[in-house]
Amino acid sequence: IQMSMADAAVILHFKQLLLRGIEILKHCSNGVARRRVLWLDRSLTRLYIDREKRISSTGVEKGINIDDISEVRPGINSAALAGVTFSPTLTAKCLTIVGSERSISLQLPSQEARDMMVMRLHLFVGHQKKQNEENARLAAQTRSP
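So, how was this worked out
Residues numbered from 1 in each chain as written. Predicted model: local features only at pLDDT ≥ 70, side-chain atom pairs only at ≥ 80, totals over all residues. Heavy atoms only, no water. pLDDT = per-residue confidence, 0-100. Helix = DSSP H or I, 4+ residues; strand = E, 2+ residues; numbered from the N terminus. Expected span 1.5 Å × (residues − 1). Buried < 20%, exposed > 50% of the residue type's maximum accessible area, 1.4 Å probe, protein only. Arc of directions from axis to C-beta. Contact = heavy atoms within 4.5 Å. Salt bridge = Lys/Arg side-chain N within 4 Å of Asp/Glu carboxyl O. Core = buried A, V, L, I, M, F, W, Y, C linked by side-chain atoms within 4.5 Å. Phe/Tyr/Trp six-rings, centres within 6.5 Å; stacked < 30°, edge-to-face > 60°. Polar contact = N/O pair within 3.5 Å; in protein donor to acceptor, adjacent residues only side chain to side chain.

Averaged over every residue, the pLDDT of the chain is 88; residues scoring 70 or more account for 91%. For the chain, the element scoring lowest by mean pLDDT is helix 2 (residues 88–91), at 85; strand 5 (residues 69–74) scores highest, at 94.

Right under this line is the structure:
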């Protein structure tokens, strides 16, 4: 499937934003939103979330591997927040990154910002998973006799 030039431009710009870090609010298991930074590591394989962006991982930051992300969806959809009630106005500003190791619920300033983030994350994750598969395939070819 050929990617449009517009999608490629959106992905490139969004990747640069993620590499620098995006300030968001992350909902903790008690429902309290705390300021955090979401960023992509330099190997383009993992999204991290912590109080501040780090150049290299200390191993204690929470995060999710790109290849583990199964879905990016609007709203608050993590198991950790299942018992917490949120207003529809707040939920409209939230998204959840769903993976097998964890789900991360984030809040953005507005529903429009949330919708743009969902679309960009969806495009970026789909593209990066394909890139990671291709890189693994090429690495396996160079190792085989």
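Once that is clear, we can look at helix 1 (residues 5–20). Taking 1.5 Å of rise per residue, the 16 residues of helix 1 would be expected to cover 22 Å, and the 23 Å separating its terminal C-alpha atoms lies within 8% of that figure. Of the residues making up helix 1, those classed as buried are Ile11, Phe14, Lys15 and Leu18. The buried residues of helix 1 occupy an angular sector of 110° when projected down its axis, which confines them to one face. Exposed residues pointing more than 90 degrees away from the buried face of helix 1 are listed as Met5, Ala6 and Arg20. On the buried face of helix 1, the contacting elements are strand 1 (22–27), strand 2 (33–40), strand 3 (46–50) and helix 3 (111–143). Phi turns positive, to about 110°, at Gly21, one or two residues after helix 1.

Before going further, it helps to examine unusual backbone geometry. Positive phi, close to 65°, is recorded for Leu44, a residue that is not glycine. Summarising the element assignment, Leu44 is placed in the loop between strand 2 and strand 3.

Below, the discussion takes up the pattern of salt bridges. Within this structure, the stated rule accounts for six salt bridges. Taking the shortest distance from any N to any O, the salt bridge between Asp50 and Arg54 comes out at 2.5 Å. The closest approach of N and O atoms between Arg73 and Glu71, which form a salt bridge, is 2.9 Å. You can call Glu71 partly exposed: its relative accessible area is 34%.

Let us now look at the nonpolar core. Within the largest apolar cluster, 26 residues are counted, with the highest numbers of intra-cluster contacts made by Leu47, Leu95 and Met117. Ignoring anything within four residues of it in the chain, the contact list for Leu95 reads Val72, Arg73, Pro74, Gly75, Ile104, Ser105, Leu106, Leu108, Arg114, Met117, Val118 and Leu121.

Here the focus is helix 3. With 33 residues, helix 3 should cover 48 Å at 1.5 Å per step; its first-to-last C-alpha distance of 47 Å lies within 8% of that length. Looking at helix 3, one finds that the buried residues are Ala113, Arg114, Met117, Val118, Leu121, Leu123, Phe124, Val125, Gln128 and Asn132.

Moving on to the packing of aromatic side chains. What the rule picks out here adds up to two aromatic pairs. On the basis of an interplanar angle of 25° and a centroid distance of 5.5 Å, the ring pair of Trp39 and Tyr48 is categorised as stacked. Tyr48 carries the same exposure label as Trp39, and that label is buried.

Structurally, the position occupied by Ser87 is in the loop between strand 5 and helix 2. In this structure Ser87 comes out as partly exposed when scored by relative accessible area, which is 38%. Separated by 3.1 Å, the side chain of Ser87 and the backbone nitrogen of Leu90 make a polar contact.

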